Amino acid sequence: MSPQPQAAVGAPLSRVDGRLKVTGRAEYAADHDVRGAAHAVLVGSSIALGRVTAVDTRAALAQPGVLAVIGHLNAPKLAYRDNPRAITDPPVGERLHVFQDDRVRFFGQPVAVVVARTLEAARHAAELVRVSYRAERPATDLAAPGRPVNDPLPPQDYVRGTPDEALAAAPVRLEPTYRLARMHHNAMEPHATLARWDGDELTVWDKTQWVQGTQHELAAVFGIPPESVRVVSPFVGGAFGNAARVWPHSAVAALAARVTGRPVKLVLTREQLYHGVGYRPAYAYTLRLGSSRGGRLTAMVHELRAETSAYENFLESALSPGQMLYATPHVRQTYRTVPLDVNTPTYMRGPGYATAAFAVESALDELAHELGVDPIELRLRNEPAEDPSTGLPFSTRRLRECLRVGADAFGWDRRAPRPRATRDGDRLVGTGVAAGCYHTLRFGAQARVRLDADGTALVECASSDMGPGTYTSMTQLAADALGLPLRKVTFRLGDSHMPSAPPHSGSLTMASVGSAVQDGCDGLRRQAVELAVGDEDSPLYGADADEVVVRAGRLHLPGDPARADTYRRLLARHDRTHLEVLGSFTPPSGPARSSMYAFGATFAEVAVDARLGMVRVRRMLGVYDAGRIISPKLAESQALGAMVGGIGQALLEHTVTDHRDGRIVNANLADYLVPVNADVPDLRAVYLDNGADFDADPIGVKGLGEVVAVGVAPAIANAVFHATGRRVRDLPITVEALL
């Protein structure tokens, strides 16, 4: 068919749901109200390892309005069947089975839940529950030996070439170790679940990035068919990865609702978020690197150690950057998890890649300094012609262009090569650069598209929107595909009864759901055009259907504008209330034909107080090869938000654990530091034009929500070195490290 006019895609439009959010009419999980709902408050363990020996609930149950106190002594046994839909969840056998035994596996683990008619009564009664323990000494420090893990995953190893021999023969060798602190997500919206049973039918309003994953998980926990569970989550107030799986509190809310026979709402406190919904794990990353004196990488040996819980083994994609980012012929990698008495880590923005990039990109900067080579030039000298890990051609790889465009826009040529050479009063000024990449993920998805007789369209998919703007970008895509004004299209999401969608994570939503939306809208437009050209009463009767385009609801021939029809007249003549199509997308099966990644280059300028060691980011620039950009305004927002998060990773964020008992001592926003407006004065993002990647998906997009986060922390760390001449290999970079 003739290409559709593109009026919405590529336009810097504001969010279609923006007014709902700024006026407070967008309903998040805790905002939903169900008649007769009771309130639940968790009681968390005060030890990190051991057993519950007694639970005294008498004082709590004596409080007015308290309906129940539930723990392992009186909770019904749950099914915990296998979940066939689990993509990001661990197998059932590894999960924490809430209230199913007396074991305590981490500090803050739910050991009881109080249910009361009011939130105030539930909170007060929870403070009155007295739990006794037989405590054991916990292992909570990554630097210390861990514990055997239940059902461990196989070691994550990779090798190509003969890295040990190549490293021994390398004229230039480095062996730094980088350490990254644990980080928590700290989204604005706390996790919350409202659960209601109607017989054996369960409805849950939940903060989740995957309504159908939650649907299948709760069905597995309670031993009921997935179709008996409905999960609703139309708005998510930030998550950054920690709502991509089901956590214990969701099952507790549903369990409490079943026990009490009434709807139950459970909202985690800010402190409980640090114990119950995952975090970016701490890492120790040793990198042995060899090169020629001309700066050609010859060998890299990566040794990674990361924390996980002793009851689940969490792994993420931390090896890929070291395998394919640079043309290194000899590579070996080992990735080991250290089982600890902590709750399970999870994915956090740029998962795995952001961790690896700090080590790899810092080491490249160290090598550039050692050789006296410009950091950008060193990266360009090691650009691969194809993916070194697979031998496949890249679908697109414009990292060279990202570096060069960024260097010109940032004024890199004005940079003094020698560290500690630039001052502004008492401040040392430095600039740094880092490359980044993130794999292009796609999963199958469906979207239902309905065109009503009044000329408006409704598109539905069980996807999510935790902030990147799914509502808006899908509306833009659908409006152009259907040939309708944006105001005539409504996109709905966040209900497990809608057509299937993958997790809203890993930067895969636009490629997966967007391709399904495109397919459904194209199919519906074709259906309408074929109806018109076969209708003797239509001005388009007998026309070639492939020549018809639709704009503003008007079907016409570009070469003969007088021959035109409209959706409204067409449906009225045929006495149709609507047209409807189910669109779908399935990624190609079989061997991959190309290696698909998004790429980026991040530039940072910092000023470091020479006397106090305080670091301030002055400006940042990110340049990205991220495929076709559907919504430039949303894309820029993603990049700027990632830079803010990267400032936190590089300079501020650090979860502190008291290793005596596993308590997180800064489990609040007063002591866990995150960036504020004063920390982010000048941020800029550039997306390369003409970058559509149709090898990746039918709409030519790559994920961009993750890649924009990957190079930020190393760019800042490299700038700190350039400013001070001091290489800090631990994140966050603290004042103490620079004094």
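Preceding block: the structure.
Overview of the structure. Bear in mind that the values here come from a model prediction, so they are computed numbers and not experimental data. (Residues numbered from 1 in each chain as written. Predicted model: local features only at pLDDT ≥ 70, side-chain atom pairs only at ≥ 80, totals over all residues. Heavy atoms only, no water.)

### Description of the overall build of the chain
- Within the chain one finds 18 helices and 31 strands.
- Residue burial in the chain is summarised as follows: out of 739 residues, 61% are buried.
- Restricting to contacts in the chain with at least 6 residues of sequence separation, those with at least 24 account for 81%.
- When the accessible surface of the chain is summed, it comes to about 28400 Å², and 49% of that surface belongs to carbon and sulfur atoms. (Helix = DSSP H or I, 4+ residues; strand = E, 2+ residues; numbered from the N terminus. Buried < 20%, exposed > 50% of the residue type's maximum accessible area, 1.4 Å probe, protein only. Contact = heavy atoms within 4.5 Å. Areas by Shrake-Rupley, 256 points an atom, 1.4 Å probe, with all protein chains shown as cover.)

### A look at the sheet that holds strand β17 (residues 422-424)
- Pairing in this open sheet of five strands is mixed, and the strands run β17-β18-β26-β27-β30 from one edge to the other. On the outer flanks of this sheet lie β17 and β30 (683-687), each paired with one strand and no other. Looking at each pair of strands side by side, their axes are set apart by 25° on average, direction ignored.
- In this sheet, strand β27 (residues 615-625) lies alongside strand β26 (residues 597-609) in antiparallel orientation, the contact comprising ten bridges. The residue bridging A607 from the neighbouring strand is R616, located in β27.
- In the packing of helix α15 (residues 632-652) onto the sheet, the strands contacted are β27 and β30, and the crossing angle to β30 comes to about 130°. (Pairing = 2+ DSSP bridges. Axes fitted to C-alpha atoms, helices over the stretch in contact; angles between N-to-C directions.)

### A few points about the sheet that holds strand β20 (residues 457-460)
- The mixed open sheet is built from four strands, whose spatial order is β21-β20-β19-β25. The sheet is open, and its two borders are formed by β21 (489-492) and β25 (578-585), each paired with just one other strand. The average angle at which neighbouring strand axes cross in this sheet is 15°, direction not considered.
- Sheet analysis places strand β19 (residues 445-452) next to β20, joined by four bridges and oriented antiparallel. Bridge assignment links V449 to a residue of β20, and that residue is V459.
- On the sheet, helix α13 (residues 509-533) packs against β19, β20, β21 and β25 and is oriented at approximately 145° with respect to β25.

### A word on unusual backbone geometry
- Cis geometry is found at the peptide bond from L731 to P732, where omega equals 0°.
- With respect to the helices and strands, P732 occurs in the loop between β31 (730-731) and α18 (735-738).
- Its identity as a non-glycine residue notwithstanding, N186 has a phi of 50°, on the positive side.
- Residue placement: N186 occurs in the loop between β9 (177-180) and β10 (192-198).

### Re the nonpolar core
- Judged by nonpolar contacts, the single largest core of 92 residues is most densely connected at F603, V606, M620, Y687 and I716.
- Counting residues per element, this core draws most heavily on helix α9 (residues 353-371), which supplies eleven residues.
- If sequence neighbours within four positions are ignored, V606 has contacts with L428, V429, G430, V615, R616, V617, R618, I716, A719, V720 and A723.
- The next biggest cluster of nonpolar side chains, apart from the first, holds 89 residues, and it includes L266, V277, A516 and V701. (Core = buried A, V, L, I, M, F, W, Y, C linked by side-chain atoms within 4.5 Å.)

### What to know about a nonpolar patch on the surface
- On the surface, L612, M614, V735 and L739 cluster together to form a nonpolar patch covering roughly 340 Å² of accessible area.
- Take V735: it is sitting in helix α18. (Patch = residues over 30% accessible without salt bridge, like charges linked within 9 Å, V, L, I, M, F, W, Y side chains within 5 Å. Salt bridge = Lys/Arg side-chain N within 4 Å of Asp/Glu carboxyl O.)

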